[in-house]
Amino acid sequence: MDAHDAAQDVLVETPAPGVGLVRLNRPQVLNALRGQLMEELLTALQRLDADPAIGALVITGNERAFSAGADIREMTEASVTSMVRRGMTDRWARLRAIRKPLIAAVSGHCLGGGCELAMNCDIIVASESARFGQPEINIGVIPGAGGTQRLTHAVGKSLAMEMVLNDRRLSADEALRAGLVSRVAPVERYLDEAIALAAQIAARAPLAVQLGKEAVNKAYELPLSEGLAYEQKLFYILFGSEDQKEGMRAFQEKRAPVWRGE
Ligand code: CO8
């Protein structure tokens with residue numbers, strides 16, 4: 001293994017109680033998503049997901065770039081066979097299998113696979129300098145990790161088409177208006193806001209948080225009648241939890257609930 005291979009492509013921190021933070025760490029190439037980075041990212045997220053002390057996760061880059069997308073150098077000479085063998089599909093499936101809420105804290109470039117990574121998260125918090133785009137058309141391809149699908153759900157067909165077919169980039173305010181992100185903060189504060197939001201969610205009833213995430217994400221997959229039925233089943237399931245009893249008793253006793261995650 002040479003020094004390049006030994007590089008840490010992601011850094012993991014616990015910046016607040018209950019919060020796991022994963023920083024993409026290839027600033028010299030605007031956090032381009034090479035295979036090694038994706039593996040390290042997924043390993044870190046899976047570890048945090050399994051850690052009972054952690055309730056919510058934040059993925060971030062740096063002020064200049066969340067990520068400028070897949071590593072173009074790694075892909076240039078790729079063949080169909082090598083792309084299939086690379087197991088890209090498995091990696092994104094592993095990301096979707098994370099049960100705890102994932103918040104993307106985005107500043108600067110958020111492009112291509114970087115935008116797809118952010119959209120795979122449950123909530124996007126943007127800095128005022130964030131720029132969202134799917135510029136794959138410039139290099140002769142199209143998005144390959146959900147961009148055409150998730151963007152269309154998030155911002156609507158017309159805007160998604162402009163972004164995919166003509167590299168239209170969205171400013172943070174445009175992304176907020178279009179519904180791609182839920183809040184925009186100054187560059188000095190966006191990460192702190194994302195961490196604070198994660199800490200608030202981490203302090204809530206863990207099972208309800210997990211099932212709430214699952215139910216909202218089902219809205220992307222299911223027709224309304226099936227989604228409503230799915231939600232109802234999850235709602236019923238929560239009546240088998242201690243936390244449901246605790247939450248409703250605490251309300252009546254006018255005290256703060258103590259969640260046990262059971
Ligand atoms: N891959 C590899 N290297 C990159 C990438 C990238 N995506 N983006 C930037 N870099 C490198 C540059 O080559 C440069 O390196 P060097 O200093 O060695 O020349 C360094 O980062 C800094 O970049 P620039 O000098 O270009 O910085 P600028 O501020 O002038 O420009 C831009 C910033 C506009 C972001 C520009 O770098 C750019 O256009 N980058 C490419 C963006 C792009 O096309 N992204 C889409 C990639 S394809 C994709 O994501 C498909 C997703 C499929 C699934 C995902 C699988 C993980």
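This structure is a prediction, so every number in the text was calculated from the model and none was measured.

What follows is about the sheet that holds strand β3 (residues 56–60). Read across the sheet, six strands follow the order β1-β2-β3-β5-β7-β10 without closing on themselves; strand pairing throughout is mixed. Either end of the sheet is taken by a strand with one partner, and the two such strands are β1 (10–16) and β10 (183–185). Between one strand axis and the next, the sheet turns through 25° on average, direction left out of account. Sheet topology places β1 next to strand β2 (residues 19–24); five bridges connect them, and they run antiparallel. Paired with E13 across the strands is L21, a residue of β2. Across the face of the sheet, helix α2 (residues 35–50) comes into contact with β1, β2, β3 and β5 (102–106) while running at roughly 175° to β2.

Attention now goes to unusual backbone geometry. Although it is not a glycine, L30 adopts a positive phi angle of roughly 50°. You can see L30 is positioned in the loop between β2 and α2. Unlike most non-glycine residues, N31 shows phi in positive territory, near 55°.

Along helix α7 (residues 147–155), the residues that are buried comprise G147, L151, A154 and V155. Looking down the long axis of α7, one finds its buried residues gathered within 70° of arc, a one-sided arrangement. For α7, the exposed residues lying more than 90 degrees away from the buried face are Q149 and H153. Here the buried face of α7 lies against α6 (113–120), α8 (157–166), β9 (170–171) and α9 (172–178).

Bringing the nonpolar core into the picture now. F132 and L180 are the most contacted members of the largest nonpolar core, which has 43 residues in total. By residue number, the principal contributor to this core is α2, which donates seven residues. V19, L21, A105 and A198 belong to the second-largest nonpolar core, a separate cluster that totals 17 residues.

Criteria and thresholds
Residues numbered from 1 in each chain as written. Predicted model: local features only at pLDDT ≥ 70, side-chain atom pairs only at ≥ 80, totals over all residues. Heavy atoms only, no water. Pairing = 2+ DSSP bridges. Helix = DSSP H or I, 4+ residues; strand = E, 2+ residues; numbered from the N terminus. Axes fitted to C-alpha atoms, helices over the stretch in contact; angles between N-to-C directions. Contact = heavy atoms within 4.5 Å. Buried < 20%, exposed > 50% of the residue type's maximum accessible area, 1.4 Å probe, protein only. Arc of directions from axis to C-beta. Core = buried A, V, L, I, M, F, W, Y, C linked by side-chain atoms within 4.5 Å.

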